[in-house]
Amino acid sequence: MKNDAVATPSVMRRWRLPPVAVAILGGVLVGGAILVLTGADPFATYRAMIAGALWPANLPDTLNWAVPVIGMTLVAALPLRAGLLNLGGDGQMIIGAMVAALVPLYCPGPAVVVVPLTMLLAMTASGLYAMLAAWGEISRGIPMLISSLLLGYPAAGLTSYLVTFPLRDTSTGLAQTRMIPPGMRLPVLAGPLNIGVLLIALVAVIAIYVDRQTVAGYEVRMRGLNARFAAYGGIDLDRQAYRIMFASGAIAGLVGTIIVLGSYFRFINYALLAQGYGPTGFMAALLSGGELVGAVIAGLFFAALQIGGVAMQRETEVPRVLTMVLQAMIILFLALRTGLRKTAP
Amino acid sequence: MSGFFNPFLIQSAIQAMTPILLAALAGVLCARVGIFNMALEGQMLIGCFFAVVGSYFSGSALGGVGAAMLATTLFTLPLAFGATKLRGDAVPICIAMNLLASGLTSYLLPVIFGVSGTFSDPRVVALGKIRPLWLHQIPVLGTLVWGQTAVTYLSWGLVAVVAFLLFRMPVGLRLRGVGEQPDAAETLGISVHRYRIATVLLSSTLLGLSGAQLSLGTVSVFSENMSSGRGWIALVAVMLGRTHPAYAGLACVLFGFADAVSLRLQAKGLPNQLTDIAPYVVTLVALAISYQKRPRRKGDTAIDLAASTAADDILLETTTDTRL
């Protein structure tokens with residue numbers, strides 16, 4: 001029997017589900033209204049979306065899409081658990097992706113050594129970049145949600161510059177790095193799935209274990225509940241913030257690595273940012289309120305929504321960015337709804 | 001480097017500054033009533049899009065500005081009521097609003113205009129440049145500030161208006177009271193909610209102007225996510241200016257120049273990927289220099305407090321959940 005009721009998932013989910021369900025319903029209704037207003041058939045559109053997400057043949061695609069989404073959900077959820085906001089997940093991800101695209105090209109050696117080294121370096125680079133935002137808050141007092149977000153722009157510009165000029169693969173007309181040799185790519189499991197799905201699952205399990213079973217995880221939760229009390233209890237808040245941000249950034253770096261070594265096999269300018277993994281992950285983390293099991297489920301849900309959106313666009317010609325609208329509406333409803341609950345205790 | 005600092009640099013700085021300045025003024029007003037408005041970015045983007053929509057369908061720039069102001073006001077309703085009457089948390093509301101703006105404009109762009117990515121059309125009327133002769137005849141200054149849009153000149157006037165309203169008018173005293181001591185304000189019979197709702201909604205019209213200036217001010221075009229961080233830079237201007245309209249305006253001048261210099265460097269042959277990040281780097285450096293160690297203790301601004309307690313509030317939801 002665990003002594004901390006805070007992390008007990010059954011208790012949590014029992015009280016959490018209704019507002020989330022209401023929020024999803026609200027998002028779906030407003031999305032339907034938008035569809036009607038723009039001259040589309042909401043029923044046909046949603047049917048195409050649900051069929052696309054749940055059609056058995058699409059499940060591997062959904063799972064494959066869920067890998068970066070769940071990864072980025074954890075990137076947002078870990079700091080959120082401690083009361084910190086990391087809005088710069090995308091920036092950290094592309095830093096890692098850039099490192100991951102370069103190490104196999106310029107560091108020869110057997111794949112058994114180079115691939116893990118690539119991951120390690122990419123995660124370290126992203127983790128350090130994320131720590132920069134923590135440094136801003138701790139030593140300069142810049143709110144982290146601002147600094148982490150703003151740091152995303154230099155990361156995007158810098159990687160874009162590198163891939164357009166010095167590191168460009170001149171044999172193609174596009175701004176991308178040279179192709180990573182086949183031996184360095186992540187092993188394929190089945191269909192679109194590569195070993196990345198196992199890596200993210202492992203990270204999720206570790207994160208949940210640390211959160212629930214270790215002192216460090218308890219301290220993170222305690223900080224989230226009351227930072228001042230946590231400090232009073234002897235936790236070095238600054239040190240902890242650095243660690244959390246490093247872990248968060250490192251996961252973002254791993255996501256970047258998995259995409260580069262598993263799907264693109266190179267760094268393609270803006271390709272990673274265009275998918276909206278970071279914002280989606282952040283919204284999934286908000287949907288779960290930072291609770292990690294819920295975050296993974298929310299990530300899966302949003303990934304299914306987006307795969308459904310792809311099918312929807314193919315079937316009905318409704319732009320798939322509608323799924324982004326739905327996600328944002330769900331979060332908006334949740335934020336308003338949790339507010340309502342507070343007025344009537 | 002000769003001729004680097006020429007009138008064109010200043011004019012392009014002014015052009016770059018206007019959307020940020022208007023957004024910053026809105027941010028100042030919201031911060032003064034105790035609402036941490038992180039949705040400036042999304043509001044601006046909605047303004048950009050509906051300015052183009054309004055201009056296209058009405059055939060006049062004024063129609064575009066009106067549509068933008070109306071659209072941003074409607075778009076801001078969730079923040080205005082959510083963060084007040086419904087007692088929601090402004091931070092997740094704002095985050096959702098930013099993503100909603102991005103998604104909604106990207107969704108409506110192909111639905112309304114049948115294109116994706118970027119839309120430009122001769123029927124989108126741009127904001128006219130005002131070129132009064134008397135202004136041009138003022139030596140030096142005349143050449144520098146001549147030939148901007150009406151929105152730009154209006155934005156300078158609005159700095160004074162906002163400052164006057166906040167610090168010289170009874171309503172400004174009440175607004176600041178609502179932000180600094182809501183309980184005390186309530187005791188004096190001032191409806192905190194009503195003042196906050198009105199301020200958030202009125203300030204959102206400034207973002208309509210800001211967006212209209214961005215999409216109709218120089219070239220009449222809308223492209224996806226064209227606000228590209230300007231709302232966040234405006235928020236930083238609010239923070240750097242310690243929620244004072246004039247100081248926030250000064251911070252905007254700095255960012256305007258950073259933008260103009262980056263454009264200029266690009267013209268000199270530097271790759272745009274590098275020059276594009278100049279405003280953000282300047283923003284971050286300005287923050288790092290100006291924000292000395294741990295300013296958020298006593299006597300700090302509402303915005304700092306809001307930012308530092310923002311995440312706590314999200315977490316509080318978790319707490320109340322489990323203790324029910």
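In this text the structure is predicted, and so the values were computed from the model without any measurement.

Chemist: Now, about the overall build of chain B: what can you tell me, with residues and values included?
Modeler: Counting its secondary structure elements, chain B contains 15 helices and four strands. Counting only contacts in chain B whose residues sit at least 6 apart along the sequence, the fraction spanning at least 24 positions is 74%. Summing over all exposed atoms, chain B offers an accessible surface of approximately 12,900 Å²; the carbon and sulfur share of this is 66%.

Chemist: Outline the overall build of chain A, listing residues and values.
Modeler: On a plain count of helices and strands, chain A comes out with 14 helices and two strands. Principal-axis analysis of the C-alpha atoms places the extent of chain A at approximately 65 × 60 × 40 Å. Here the contacts in chain A between residues at least 6 apart in sequence split such that 74% fall between residues at least 24 apart. Surface accessibility of chain A: about 14,100 Å² in total, with carbon and sulfur atoms responsible for 70%. Put simply, chain A has 22 plus and 13 minus side-chain charges, and the middle of one group is 3 Å from the middle of the other.

Chemist: Kindly report on unusual backbone geometry, identifying the contributing residues and their values.
Modeler: Residue and element names in this part refer to chain B. Phi at N225 takes a positive value of approximately 55°, unusual for a residue other than glycine. Of note, the phi angle at S228 is positive, near 30°, even though the residue is not glycine. Structurally, S228 can be placed in the loop between strand 4 (221–223) and helix 11 (230–240).

Chemist: Help me get a handle on the environment of M119(A), residues and values and all.
Modeler: All names here are of chain A. Within the element layout of this structure, M119 appears in helix 5 (residues 111–140). On the basis of relative accessible area, M119 is assigned to the buried category, the value being 13%. Sequence spacing of M119 and V99 is 20 residues, and the spatial spacing of their C-alpha atoms is 8.7 Å.

Chemist: Give a description of the confidence of the model for chain B that names residues and reports values.
Modeler: Residues and elements named next belong to chain B. In this model, chain B carries an average pLDDT of 86, and 88% of its residues clear a pLDDT of 70 or more. The secondary structure element of chain B with the lowest average pLDDT is helix 15 (residues 302–323), at 44, and the one with the highest is helix 2 (residues 40–58), at 97. Taken as a whole, residues 294–302 scores under 50 in pLDDT and shows 14 contacts with residues more than four places along the chain or in a different chain. Scored below 50 in pLDDT, residues 309–324 shows 34 contacts in the model against residues more than four places distant or in partner chains. ipTM for the predicted complex: 0.88, alongside a pTM of 0.89.

Chemist: Break down the packing of aromatic side chains for me, with residues and values.
Modeler: Considering all chains together, one arrives at 13 aromatic pairs over all chains under this definition. Note on F301(A) and F302(A): the rings are 5.5 Å apart at their centroids and 35° apart in plane angle, and the pair reads as tilted. Measuring from centroid to centroid gives 5.0 Å for F49(B) and F222(B), while their planes differ by 75°, and the two rings are edge-to-face. Remark: F222(B) occurs in strand 4 and F49(B) occurs in helix 2; sequence separation between them is 173 residues. As far as the burial class goes, F49(B) and F222(B) line up, both buried. One aromatic cluster is present, formed by F49(B), F50(B), Y56(B), F57(B), F113(B), F119(B) and F222(B) through successive ring pairs.

Rules used in this analysis
Residues numbered from 1 in each chain as written. Chains lettered and ligands numbered in written order. Predicted model: local features only at pLDDT ≥ 70, side-chain atom pairs only at ≥ 80, totals over all residues. Heavy atoms only, no water. Helix = DSSP H or I, 4+ residues; strand = E, 2+ residues; numbered from the N terminus. Contact = heavy atoms within 4.5 Å. Areas by Shrake-Rupley, 256 points an atom, 1.4 Å probe, with all protein chains shown as cover. Lys, Arg positive; Asp, Glu negative; His and termini not counted. Charge placed at Lys NZ, Arg CZ, Asp CG, Glu CD. Buried < 20%, exposed > 50% of the residue type's maximum accessible area, 1.4 Å probe, protein only. pLDDT = per-residue confidence, 0-100. Phe/Tyr/Trp six-rings, centres within 6.5 Å; stacked < 30°, edge-to-face > 60°.

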